[in-house]
Amino acid sequence: MHVEKTPELLAIQSELIQQMEQSLGIRDPKAKSRPFSPHMTIAFKDLKRNHFKAGWKEFQPRPFDRQFTASHLTLLRHNGQRWTIYADYPFNSRVAE
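The model shown is predicted, which means the values in this text are computed figures rather than measured ones.

Calculation notes
- Residues numbered from 1 in each chain as written.
- Predicted model: local features only at pLDDT ≥ 70, side-chain atom pairs only at ≥ 80, totals over all residues.
- Heavy atoms only, no water.
- Helix = DSSP H or I, 4+ residues; strand = E, 2+ residues; numbered from the N terminus.
- Expected span 1.5 Å × (residues − 1).
- Buried < 20%, exposed > 50% of the residue type's maximum accessible area, 1.4 Å probe, protein only.
- Arc of directions from axis to C-beta.
- Salt bridge = Lys/Arg side-chain N within 4 Å of Asp/Glu carboxyl O.
- Patch = residues over 30% accessible without salt bridge, like charges linked within 9 Å, V, L, I, M, F, W, Y side chains within 5 Å.
- Areas by Shrake-Rupley, 256 points an atom, 1.4 Å probe, with all protein chains shown as cover.
- Phe/Tyr/Trp six-rings, centres within 6.5 Å; stacked < 30°, edge-to-face > 60°.

Caption draft 1: Representation of helix α1 (residues 7-24) within the structure. For α1, with 18 residues, the first-to-last C-alpha span of 25 Å sits near the 26 Å given by 1.5 Å per residue. The complete set of buried residues in α1 reads Ile-12, Ile-17, Met-20 and Glu-21. What you see down the axis of α1 is that its buried residues fit within an arc of 165 degrees, all on one side. Residues of α1 that are exposed and angled more than 90 degrees away from the buried face: Pro-7, Gln-22 and Ser-23. Backbone geometry just downstream of α1 places Gly-25 in the positive-phi region, at approximately 70 degrees.

Here's what the structure looks like:
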């Protein structure tokens, strides 16, 4: 799903890269040079092809325009079978408002 690139979202992405490096030691040199493409993943590789095709046929033509305020970011880690919550990072009021 396409997500609008707002200045606030771009700021969060930049701060997230810095925090990942400083707090968790996670460095991705490519992340600093490639364009940021905000999106929401609504299905993963575990969705069977026939289910994806049926869902795509149903939902692709429908318009979808929603807004929400996020209170935190959740970092997920894949354990080989499914995604599990690794950590939650609350947004401060400056970012969330």
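On we go from here.
Caption draft 2: Here's a closer look at the pattern of salt bridges. Following the criterion strictly, the structure yields two salt bridges and no others. For Asp-28, the salt bridge identified is with Arg-34, shortest N-O distance 3.0 Å. Residue classification places Arg-34 among the partly exposed residues on the basis of a relative accessible area of 46%. Across the pair Glu-58 and Arg-62 runs a salt bridge, and its minimum N-O distance is 2.3 Å. Accessibility expressed as a relative area gives 41% for Glu-58, which makes it partly exposed. Its relative accessible area of 45% is what places Arg-62 among the partly exposed residues.

Caption draft 3: Representation of a nonpolar patch on the surface in the model. A grouping of Leu-24, Ile-26, Tyr-86 and Tyr-89 is seen on the molecular surface, where their side chains present a nonpolar patch of about 320 Å² in accessible area. Checked against the element boundaries, Tyr-86 lands in strand β2 (residues 83-90).

Caption draft 4: Here's a closer look at the packing of aromatic side chains. Evaluated as defined, the whole model comprises one aromatic pair. When the centroid spacing of 5.9 Å and the interplanar angle of 20 degrees are considered together, the rings of Phe-52 and Trp-56 count as stacked. Residue Phe-52 and its partner Trp-56 are located together in helix α3 (residues 49-59), separated by four residues, close to a single helical turn.

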